[in-house]
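Working through the structure, step by step
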Amino acid sequence: MQLVADHIATKISADIPVWDIDPYDAEILRNPAPYYVELRKRGPFVHIPRYAILACGRFNETREVFSDWQRFVSSRGVGLTDFQVAPSWRKPSIVLEVEPPYHTRTRTVISRALSPRAMSVLKDAFAERANALVDDLVERGEFDVVPDLAEAFPVSVFPAAVGLQEIDTRALVDFGAFGFNALGPDNALRSAALERGPQIMPWIMKHCKREALAPGGFGETIYAAADAGELTEDEAAMLVRSLLSAGVDTTVTGIGNAVWCLASNPGEFEKLKRDPKLARPAFEEALRYTSPVHSFCRTASVDTTVGGVDIPQDTKILCVLGAANLDEDQWPEARYYKVDRRPVGHLAFGVGIHGCVGQNVARAEAEAVLTAIASKVGSIEFVSEPVWRPNNAIHALDSMRVRFTLRNS
Ligand code: OVM
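Residues numbered from 1 in each chain as written. Predicted model: local features only at pLDDT ≥ 70, side-chain atom pairs only at ≥ 80, totals over all residues. Heavy atoms only, no water.

An unreviewed UniProt entry annotates the protein as Cytochrome P450 originating from Mesorhizobium robiniae. The UniProt entry for the protein carries the following comment under Cofactor (unreviewed entry): "heme". (UniProt positions renumbered as here; feature names shortened; annotations may be inferred.)

**Let's talk about the overall build of the protein**
Each helix and strand counted, the protein has 15 helices and 14 strands in total. Over its C-alpha trace the protein gives a radius of gyration of 21 Å, about what one expects of a compact globule, namely 22 Å for 409 residues. The principal-axis extent of the C-alpha atoms belonging to the protein is close to 65 × 50 × 35 Å. Taking all 409 residues of the protein together, 58% fall into the buried category. A sequence separation of at least 24 residues applies to 74% of the contacts in the protein between residues at least 6 apart. Accessible surface computed for the protein: about 16400 Å², of which carbon and sulfur atoms make up 52%. Across the protein, the 44 positively charged side chains and the 53 negatively charged ones have centroids separated by 3 Å. (Helix = DSSP H or I, 4+ residues; strand = E, 2+ residues; numbered from the N terminus. Rg over C-alpha atoms; globule rule 2.2 N^0.38 Å. Buried < 20%, exposed > 50% of the residue type's maximum accessible area, 1.4 Å probe, protein only. Contact = heavy atoms within 4.5 Å. Areas by Shrake-Rupley, 256 points an atom, 1.4 Å probe, with all protein chains shown as cover. Lys, Arg positive; Asp, Glu negative; His and termini not counted. Charge placed at Lys NZ, Arg CZ, Asp CG, Glu CD.)

**Focus on empty space enclosed by the protein**
Tallied over the full model, the rule gives three cavities of 30 Å³ or more. The volume enclosed by the largest cavity comes to roughly 960 Å³. Forming the walls of the largest cavity are 50 residues, and the residues nearest its centre are Leu96, Phe180, Ala246, Thr250 and Phe296. Mapped by element, the contributors of at least two residues to the lining of the largest cavity are α4 (102-113), α7 (169-181), α10 (233-246), α11 (249-264), α13 (279-290), β7 (296-300) and α15 (359-376). With four residues, the top contributor of residues to the lining of the largest cavity is α10. (1 Å grid on protein atoms, 1.4 Å probe; cavity = no way out; pocket = protein on both sides within 12 Å on 5 of 7 lines; lining within 4 Å. Points joined across faces, edges and corners; volume = space filled by probe spheres on them.)

**A look at the nonpolar core**
Grouped together as the largest cluster of nonpolar side chains are 89 residues, with contacts concentrated most on Phe218, Ile373 and Phe404. When sequence neighbours within four positions are dropped, the list of residues in contact with phenylalanine 218 reads Ala113, Leu114, Ala118, Met119, Leu122, Phe158, Ala161, Val162 and Leu243. Core analysis: the second largest hydrophobic core is formed by 29 residues, Cys56, Val78, Phe180 and Ala324 among them. (Core = buried A, V, L, I, M, F, W, Y, C linked by side-chain atoms within 4.5 Å.)

**Topic: the site of the ligand**
Arg90, Ser93, Val95, Leu96, Gly179, Phe180, Ser242, Ser245 and Ala246 make up every residue found near the ligand. Arginine 90 places a side-chain nitrogen or oxygen 2.9 Å from an oxygen atom of the ligand. At 2.6 Å from an oxygen atom of the ligand is found a side-chain nitrogen or oxygen belonging to serine 242. In the complex, 89% of the free accessible area of the ligand, which totals 310 Å², lies under the protein chains. Taking a 2 Å distance to the grid points as the criterion, the majority of the atoms of the ligand fall inside the largest cavity. Elements supplying a minimum of two residues to the shell around the ligand: α7 and α10. By residue number, the principal contributor to the shell around the ligand is α10, which donates three residues. Of the residues in the shell around the ligand, the class split is four nonpolar, four polar and one charged. (Near = heavy atom within 4 Å. Polar contact = N/O pair within 3.5 Å; in protein donor to acceptor, adjacent residues only side chain to side chain. Sits in = over half its atoms within 2 Å of the grid points. Nonpolar A, V, L, I, M, F, W, Y, C, P; charged D, E, K, R; others polar.)

Here is the structure:
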């Protein structure tokens, strides 16, 4: 058995097109659009020899792999490492990196904590915070969207909603980014994550404990499940860890990318200003258009076939969600950002039993921010070229200096 990039190098059929590319090259991670086009063009799957993986970027096949948790498991890791043959850098997540029946028990608890009802309670606080933040940014005029809005907003509402009483912005944002960088191959991004991640872990785990969490938050609901015998105390802490792994850097990225979409498409921003009720669809379209999580892996648990292509058991498959969300065969004029497209079925939150459990939190946060921008900001002007930040699984901005002008001034 030969291992490449910490997984089994299976015998891939010679019929599958070979593409000698590094999808984790920093330049591609910064500007993935040409790679997405080429990936879809070459076939339903391509064989990338340097990592001994298959990659897919057409909508239908990517959706099929993602939807079928039995043939394409997450329990062997959603990055290049196969947990069956190599250890994970951290204790595996008890919701992301497990399968039913165990998954059903943990997922039930976490979705209860993040239920629509739990979200409706937070709606006013989110709106108030977003309005105050945007007022402040309009007053400042010129600022960097990444720290001053995309990070500032989620960090000021989400950890508090979990119940955290102490907030370390860098620890919270970087912990998420490291988790996603760890999904890639042994490159500079991953080594930096593996070096700093474990340093932040003690801070994170301390804040996942029952004693650290204020009453009334998502954390309390999770620990109530422990009291009811649904989970152990350690499992409850692990689910809070999942919230902090998956809930900060992702929403930071989604909000930053959404503002980038509006700044780059002034005509679409005008539509949003005319009808602020488009805040939700505008965010949904920003997710489709920019795919904050650009790719996740699955592992074939059996010999199988997708789109007429034979996939051997144990094969790692790179599912390029960013490419699937721009597939012209699925989305007419996919290369345009349209605030009123309403792209039902996009894959930015994944799909199936592992589909993002926090998607309603993400939507509520973005709705608050985009509604505040629509009602208060006249125009969004780039002060300099936005800069993207390479990450092995996240497509995010590094910095984006803009000017917000006051609406009707
Ligand atoms: C987790 C988790 C879930 C989704 C994404 C993620 C690092 C982590 O349960 O820990 O990214």
